Amino acid sequence: MRQTGHHFLQIPGPSSVPERVLRAISAQTIDHRGPDFAKVGMRALDGLKTIFKTDQNVIIYPSSGTGAWEAALVNTLSPGDRVLMFETGHFATLWKQIAEKLKLRPEFIEGDWRGGADPDLIEAYLAEDKAHEIKAVCVVHNETSTGSVSPIAAIRKAIDNAGHPALFLVDTISGLASLEYNHDEWGVDVTVSGSQKGLMLPPGLSFNAVSQKAMAASKTASLQRSYWDWADMVGPNKTGYFPYTPSTNLLYGLNEAIDMLHEEGLDNVFSRHQRHGRAARAAVRAWGLEVLCSKQGQESGVLTAVLMPEGHSADQFRAKTLQNYNMSLGNGLSKVADRVFRIGHLGDFNDLMLMATLSGVEMGLAKADVPHTAGGISAAMESLQRGGQPSIAAE
Ligand SMILES: *Cc1c(COP(=O)(O)O)cnc(C)c1O
């Protein structure tokens with residue numbers, strides 16, 4: 001049956017694409033070696049620096065985020081290198097699997113999937129590595145499977161406190177342009193990101209922001225690479241071109257999205273996401289349900305992962321919500337499959353969209369006979385009206 005009105009795409013990425021970006025993407029594809037392309041390419045490469053907050057190189061790939069994960073590793077590391085990773089959730093686990101396939105030696109600091117990476121544990125682990133065999137520390141900034149945020153600046157400090165020379169690699173695929181991020185100031189060596197989350201674009205672009213230290217490491221790193229090689233990119237990028245066919249139309253969209261982010265103001269973008277995160281958590285608590293992230297101050301403004309009451313299926317609830325209210329919610333991934341659902345509140349989003357989303361969740365809970373207390377909606381409204389400031393009782 002035809003569903004009326006628009007679909008609510010409330011998964012934590014891909015996020016819904018604003019009209020302005022869709023229109024920009026719909027322009028005719030041009031010659032990527034022709035004179036007009038340089039303006040498009042330069043605007044994208046320079047514009048991204050203002051989003052990553054870096055004066056160093058940003059590499060753009062026509063790929064999903066997974067490609068940029070691989071690129072960060074193959075450009076900086078050599079076979080057999082030890083790599084320290086932190087198990088924040090499903091995405092950290094996937095990155096580790098890529099490292100294994102590439103014949104690196106990733107080591108996991110285990111986590112309970114309910115918070116971000118712990119700087120103290122990272123510092124202690126690195127302090128043990130007196131021979132400096134660990135060549136990189138890899139952390140997921142916004143763990144999209146759990147809705148927890150890792151303290152990147154504090155982890156930088158932890159690496160420095162341990163006096164360790166390892167490169168610092170950060171995945172902010174779902175954090176960039178939604179959560180505060182400072183590639184240069186936080187001393188990150190490679191930041192990995194993608195187009196389809198906070199940047200409000202369709203899937204298909206991914207990024208590496210690269211420090212000079214990482215660029216220098218790439219000169220001696222010996223993992224096999226071709227498509228992902230930074231060295232082939234930086235030359236043509238200087239004049240706005242790419243070594244192979246770029247995603248021309250997605251670059252049109254990227255340029256529009258960057259304009260939109262600056263029109264709103266990045267700090268306003270960040271506080272909007274925080275405010276929506278607080279309101280979503282207020283709703284979850286009023287329903288009598290539990291937010292998966294249990295570490296205060298590490299809850300994500302991008303998404304809220306909600307634990308189902310014991311004995312109830314998150315996937316059945318999501319199916320009922322889709323069927324009845326035309327809204328897609330995120331599923332629980334691997335370890336928390338069917339135990340968790342995720343509410344995305346990222347990208348091109350506003351108060352009424354959040355309220356509609358939360359209404360859909362509350363109605364879906366009722367339809368699926370999930371035990372809960374009504375009143376999440378008014379709790380969220382109250383939170384928004386307080387400017388999203390947490391009430392003393394709530395947080
Ligand atoms: C979405 C996501 C990825 C994977 O990106 P793809 O575009 O699906 O390859 C990796 N890490 C995080 C944190 C993500 O949110």
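Data block above holds the structure.
Here is what the cut-offs are and how they apply
- Residues numbered from 1 in each chain as written.
- Predicted model: local features only at pLDDT ≥ 70, side-chain atom pairs only at ≥ 80, totals over all residues.
- Heavy atoms only, no water.
- Helix = DSSP H or I, 4+ residues; strand = E, 2+ residues; numbered from the N terminus.
- Rg over C-alpha atoms; globule rule 2.2 N^0.38 Å.
- Buried < 20%, exposed > 50% of the residue type's maximum accessible area, 1.4 Å probe, protein only.
- Contact = heavy atoms within 4.5 Å.
- Areas by Shrake-Rupley, 256 points an atom, 1.4 Å probe, with all protein chains shown as cover.
- Lys, Arg positive; Asp, Glu negative; His and termini not counted.
- Charge placed at Lys NZ, Arg CZ, Asp CG, Glu CD.
- Core = buried A, V, L, I, M, F, W, Y, C linked by side-chain atoms within 4.5 Å.
- Domains from an automatic or database assignment.
- Pairing = 2+ DSSP bridges.
- Axes fitted to C-alpha atoms, helices over the stretch in contact; angles between N-to-C directions.
- Near = heavy atom within 4 Å.
- Polar contact = N/O pair within 3.5 Å; in protein donor to acceptor, adjacent residues only side chain to side chain.
- Nonpolar A, V, L, I, M, F, W, Y, C, P; charged D, E, K, R; others polar.
- Expected span 1.5 Å × (residues − 1).
- Arc of directions from axis to C-beta.
- Salt bridge = Lys/Arg side-chain N within 4 Å of Asp/Glu carboxyl O.

Draft legend 1. Expanded view of the overall build of the protein chain. Summing up its helical and strand segments, the protein chain has 13 helices and 14 strands in all. Relative to the 2.2 N^0.38 estimate, which gives 21 Å for 395 residues, the radius of gyration of the protein chain is 21 Å and therefore close to what a compact globule would have. For the C-alpha atoms alone, the extent of the protein chain along its principal axes is close to 60 × 55 × 35 Å. Counting every position in the protein chain, which comprises 395 residues, the buried fraction comes to 58%. Partitioning the contacts of the protein chain with sequence separation of at least 6, the portion at a separation of at least 24 is 74%. Accessible surface for the protein chain amounts to roughly 15900 Å². Of this, 52% is attributable to carbon and sulfur atoms. Charge-centre separation for the protein chain: the mean point of 36 positive side chains lies 2 Å from the mean point of 43 negative side chains.

Draft legend 2. Spatial organisation of the nonpolar core. Core analysis: the biggest nonpolar cluster contains 86 residues, and Ile-60, Leu-73, Ile-122 and Leu-254 have the highest contact counts within it. A total of eight residues in this core trace back to one element, the largest contributor, which is helix α9 (residues 248-264). Mapping this core onto the domain boundaries places at least three of its residues in each of domain 1 (8-15 + 265-386) and domain 2 (19-262). Residues Met-308, Phe-341, Leu-358 and Leu-365 belong to the second largest nonpolar core, which totals 27 residues.

Draft legend 3. The sheet that holds strand β13 (residues 327-331), seen in detail. Strands sit in the order β1-β13-β14-β12-β11 across an open sheet of five strands; the sheet is mixed. A single partner strand is all that each edge strand has here, and the edge strands are β1 (8-10) and β11 (290-291). As paired strands, β13 and strand β14 (residues 340-344) are joined by two bridges and run antiparallel to one another. The residue of β14 that forms the bridge with Asn-331 is Phe-341. Each of β11 and β12 (303-307) is contacted by helix α10 (residues 266-286), which is oriented at about 15° to β12, the strand it contacts most. Strand contacts of helix α11 (residues 314-325): β13 and β14, with the helix running at about 165° to β13, the strand carrying the most contacts.

Draft legend 4. Main features of the site of the ligand. The full set close to the ligand counts 13 residues, and Thr-66, Thr-144, Asp-171, Gln-196 and Lys-197 are the nearest of them. In the model, an oxygen atom of the ligand is placed 2.5 Å from a nitrogen or oxygen of the Thr-66 side chain. Within the complex, the protein chains bury 87% of what would otherwise be the 380 Å² of accessible surface of the ligand. Residue contributions to the shell around the ligand peak at three residues, all from helix α3 (residues 65-76). Partitioned by chemical class, the residues of the shell around the ligand number four nonpolar, seven polar and two charged.

Draft legend 5. Main features of α11. The end-to-end C-alpha distance of α11, which contains 12 residues, comes to 16 Å, matching closely the 16 Å that a straight helix rising 1.5 Å per residue would cover. Listed in full, the buried residues belonging to α11 are Ala-314, Phe-317 and Thr-321. Down the axis, α11 shows its buried residues gathered within 65° of arc, on one side only. The exposed residues of α11 that point more than 90 degrees off its buried face are Gln-316 and Gln-323.

Draft legend 6. Region of interest: the sheet that holds strand β10 (residues 206-210). On the basis of which strands lie adjacent, the open sheet formed by seven strands has the order β2-β10-β9-β8-β5-β3-β4 and mixed pairing. Each edge of the sheet is formed by a strand with only one pairing partner; in this case those strands are β2 (57-61) and β4 (105-109). Adjacent strand axes in the sheet meet at a mean angle of 20° when their direction is disregarded. Two elements, strand β5 (residues 134-140) and strand β8 (residues 167-171), share five bridges in a ladder whose sense is parallel. The partner of Cys-138 across the bridge, within β8, is Leu-169. Lying on the sheet, helix α4 (residues 90-101) is in contact with β3 (82-86), β4, β5, β8 and β9 (190-194); it crosses β4 at an angle near 160°.

Draft legend 7. The arrangement of helix α12 (residues 351-367) in detail. Given a rise of 1.5 Å per residue, 17 residues ought to cover 24 Å, and the 24 Å separating the end C-alpha atoms of α12 matches this to within 8%. Along α12, the residues that are buried comprise Leu-354, Met-355, Thr-357, Leu-358, Gly-360, Val-361, Glu-362, Gly-364 and Leu-365. Where the residues of α12 are buried, they touch β1, α10, α11, β13, β14 and α13 (376-385). Measuring from the side-chain oxygen of the N-cap residue of α12 to the backbone nitrogen of Leu-352 gives 3.2 Å; that N-cap residue is Asn-350. Looking one or two residues past α12, Asp-369 carries a phi angle of roughly 55°, positive in sign.

Draft legend 8. Expanded view of the pattern of salt bridges. If you walk through the whole model with that rule in mind, you get 17 salt bridges. Put simply, Asp-315 and Arg-318 hold a salt bridge, and the shortest N to O gap is 3.2 Å. Placement of the pair is Asp-315 and Arg-318 together in helix α11, with a separation of three residues, close to one helical turn. Residue classification places Asp-315 among the partly exposed positions, given a relative accessible area of 31%. It is possible to trace a salt-bridge network through shared partners that takes in Arg-82, Glu-107, Asp-129 and Glu-133.

That's the geometry; what it means functionally is another story.
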